[in-house]
Amino acid sequence: MRETFWGPDFDALAAQDPEIAGIVLGELQRQRGGLQLIASENFTSPAVLAALGSTLSNKYAEGYPGRRYYGGCAEVDRAEEIGIARAKELFGAEHANLQPHSGASANFAAYGAFLQPGDTLLGMALPHGGHLTHGTRVSFSGRWYNAVAYGVHPQTEHIDYDQVRDLARRHRPKLIVAGGSAVPRLIDFAVFREIADEIGALLMVDAAHFIGLVAGQAIPSPVPYADVVTMTTHKVLRGPRGGAILCRAEHAKAIDKAVFPFTQGGPMMHAIAAKAVNLLECSRPAYQAYARQVVLNAQALTEGLVAEGFRPVTGGTDTHLALLDTRPVGVTGVEAEARCDAAGIVLNKNAIPFDPQPPSVASGIRVGTPSLTTQGMSEPEMKDVASLIGAAVRDEDGSAAGEVRAAVAELVGRHPAYPRP
Ligand code: DSN
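Think of each chain on its own: its residues are numbered from 1, step by step along the sequence as written. Only residues with pLDDT of at least 70 are given local features in this predicted model, and only at 80 or more are side-chain atom pairs given and counted; all residues enter the totals for whole chains, interfaces and linings. Here the side-chain values reflect all heavy atoms present in the structure, with hydrogen atoms and water set aside.

**Student:** Run through unusual backbone geometry, naming residues and quoting values.
**Tutor:** A cis amide bond, omega 10°, links F260 with the succeeding residue P261. Within the secondary structure layout, P261 lies in helix α10 (residues 252-263). For T314, which is not a glycine, the phi torsion comes out positive at approximately 70°. On the secondary structure map, T314 appears in the loop between β11 (311-312) and β12 (321-325). Even without glycine at this site, Y418 takes up a positive phi of about 45°. Going along the chain from the N terminus, every DSSP run of H or I of four or more residues is numbered as a helix, and every run of E of two or more is numbered as a strand. Relative to the elements of secondary structure, Y418 occurs in the segment after α16 (401-414).

Here it is in structure tokens:
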């Protein structure tokens, strides 16, 4: 088996293209050398990386298993069939499509399946935690559709379900979108379903951020409530970079046609095989324990950051991420991000609801625990991480950056990403 696998071969890359090989190695060292707190990132497994770096990348396979526009698809058909079966089993879904290249592509296809240009969709406002593709003017979603936005309640900072209902009654959207990129709390899918049913709308849940927690049974699933669930495969789920769609059987044809040929051409068969590998990993008890720990870590990290003076939006988290108001610490989001970066702590500035600052400055940071948890860190380390973030953010003149960086190096040394065999 081994000698017939023409997969990742770093020595060959280094010999042929030292410049790019240096970047590949540099990125591995960067991922290993700091604390990775971007809520949408993770460290996928060597098995997933092997499938990604395989000859399946060479194959054109427009269409679906058994119905391709190219010959020679027997092997890739099997990979896609296995992946689809695993996705349906893992999520209890009636239909799965693993071809979307990304979360944005999955959303593009889902809208394409159900909406015509000019139709109304109701999604969460980006500054309140939504996503670019949920109706912002800079994306197709706000340009081609009549997008109406709901947000969070000014006092609780939780999704304002009364506002969702009012807007739905007033604007009669054809599709309601639940989900976002900076929502720290569980979403009440039953309420969204009730609102959608009341006005005869379809319900789409963009589960990109939290689908890994659903896969690990750490939080409730949107699948029983939604007509369609879109996702990415590389966040908490820990698979290859890409997207996927789950839906009810009645929508299967529309979704498949909307992915191919409406919005995409040839599927990335190496990525689909890697998605199948990941879905098998996610069905194991070890992954369920991981998903539970991701949430416990996010809660412990949030508590630690409260002790450092930050204010958690909504008061805490039920998921893998927290949104922290940096104003009580006397810094903007962009300052906090830069100071953490200088100390080897990678996170992102993030607008908080009703943020007086523009998004390029922001009054908050977003932190997530998928990567640290993959490294085997748990609650005690989260306290240390919170103290390091606090020290880095308060370090006005950069004099403490070296000390924090040394503590970061010690911590990741004890819990390495991609440990050497
Ligand atoms: N860019 C992703 C995130 O960081 O949340 C969402 O698309």
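Okay, back to it.
**Student:** Tell me about the site of the ligand, and please be specific about residues and values.
**Tutor:** Close contacts around the ligand come from S40, H131, S181, H209 and R366, and that covers them all. Polar contact is the term for a pair of N or O atoms within 3.5 Å; when the atoms are in protein, one must be able to donate a hydrogen and the other to accept it, and sequence-neighboring residues count only if both atoms are side-chain atoms. Between an oxygen atom of the ligand and a side-chain N or O atom of S40, the distance comes to 2.7 Å. Between the ligand and the protein, one listed contact pairs an oxygen atom with a side-chain N or O atom of H209 at 2.6 Å. In the complex, 61% of the free accessible area of the ligand, which totals 230 Å², lies under the protein chains. Charged residues are taken to be Asp, Glu, Lys and Arg, nonpolar residues to be Ala, Val, Leu, Ile, Met, Phe, Trp, Tyr, Cys and Pro, and polar residues to be all remaining types, Gly included. Its residues assigned to classes, the shell around the ligand shows no nonpolar, 4 polar and 1 charged. The cutoff for a nearby residue is simple: one of its non-hydrogen atoms must lie within 4 Å of the molecule or strand. To be clear on the numbers: accessible area is Shrake-Rupley with a 1.4 Å probe, and residue cover counts the displayed protein chains and nothing else.

**Student:** Break down the sheet that holds strand β8 (residues 202-206) for me, with residues and values.
**Tutor:** The sheet built from 7 strands is open, its strands ordered β4-β10-β9-β8-β7-β5-β6 with mixed pairing. In this open sheet, the two edge strands, each paired with only one partner strand, are β4 (95-97) and β6 (146-150). The average angle at which neighbouring strand axes cross in this sheet is 20°, direction not considered. For two strands to pair, DSSP has to find at least two bridges joining them. Bridge count for strand β5 (residues 120-124) against β6 is 5 bridges, and the pairing is parallel. Within β6, the residue paired with G123 across the bridge is A149. On the sheet, helix α4 (residues 74-91) packs against β4, β9 (228-232) and β10 (243-247) and is oriented at approximately 130° with respect to β4. Here helix α5 (residues 103-114) sits on the sheet and contacts β5, β7 (175-178), β8, β9 and β10; the angle it forms with β9, its principal contact strand, is near 160°. Only the stretch in contact is used when a helix axis is fitted, and all axes are lines through C-alpha atoms; the angle between N-to-C directions ranges over 0 to 180 degrees. What makes two residues a contact is simply this: any of their non-hydrogen atoms within 4.5 Å.

**Student:** I'd like a rundown of the packing of helix α12 (residues 285-307) against helix α15 (residues 379-393), residues and numbers included.
**Tutor:** Close contact between α12 and α15 brings their axes to 8 Å; oriented N to C, the two are set at 40°. Overall, the two elements α12 and α15 adopt an arrangement that is oblique. Here the hand of the crossing between α12 and α15 comes out right-handed. Across the interface between the two elements, Q293, L296, N297, A300, L301, E303, G304 and L305 of α12 pack against E379, M382, K383, V385, A386 and I389 of α15. Oblique is the label for every angle not falling under 35 degrees (roughly parallel), over 145 degrees (roughly antiparallel), or within 65 to 115 degrees (roughly perpendicular). The hand of a helix crossing depends on one turn: near helix anticlockwise from the far one by less than a right angle means left-handed, and clockwise means right-handed.

**Student:** I'd love a proper account of the packing of helix α13 (residues 333-342) against α15, names of residues and values included.
**Tutor:** Contact geometry of α13 with α15 gives a least axis separation of 8 Å together with a crossing angle of 110°. With respect to α15, the element α13 is oriented roughly perpendicular. Regarding α13 and α15, the two cross each other, and that crossing is right-handed. Judged by residue contacts, A336, R339 and C340 of α13 engage I389, A392 and V393 from α15. Classifying every residue of the contact of α13 with α15 by side-chain character gives 5 nonpolar, no polar and 1 charged.

**Student:** So, the environment of A109: which residues are in play, and what are the values?
**Tutor:** Among the structural elements, A109 can be located in helix α5. The buried label applies to any residue whose accessible area, calculated with a 1.4 Å probe on protein chains only, is under 20% of its type's maximum; exposed applies above 50%, and partly exposed to all values in between. Since its relative accessible area comes to 1%, A109 is described here as buried. Apart from the residues within four sequence positions on either side, A109 is in contact with I245, A258, V259 and T263.

**Student:** Explain the sheet that holds strand β15 (residues 364-368) residue by residue, including any values.
**Tutor:** Pairing is antiparallel in the open sheet, where 4 strands are placed in the order β11-β12-β15-β14. Two strands in the sheet have a free side with no partner beyond their single neighbour: β11 and β14 (348-350).

**Student:** Residues and numbers for the pairing of β12, please.
**Tutor:** With 5 of 5 residues buried, β12 lies mostly within the body of the structure. Side chains of β12 alternate between two faces, with L321, L323 and D325 and A322 and L324 buried alike. Of the pairings in the sheet, the one linking β11 to β12 comprises 2 bridges and is antiparallel in character. Following the sheet pairing, P312 is matched in β12 by L324. The pairing of β12 with β15 spans 5 bridges and is antiparallel. By the bridge assignment for β15, A322 is matched with V367.

Shape is all these values report; function is a separate question.
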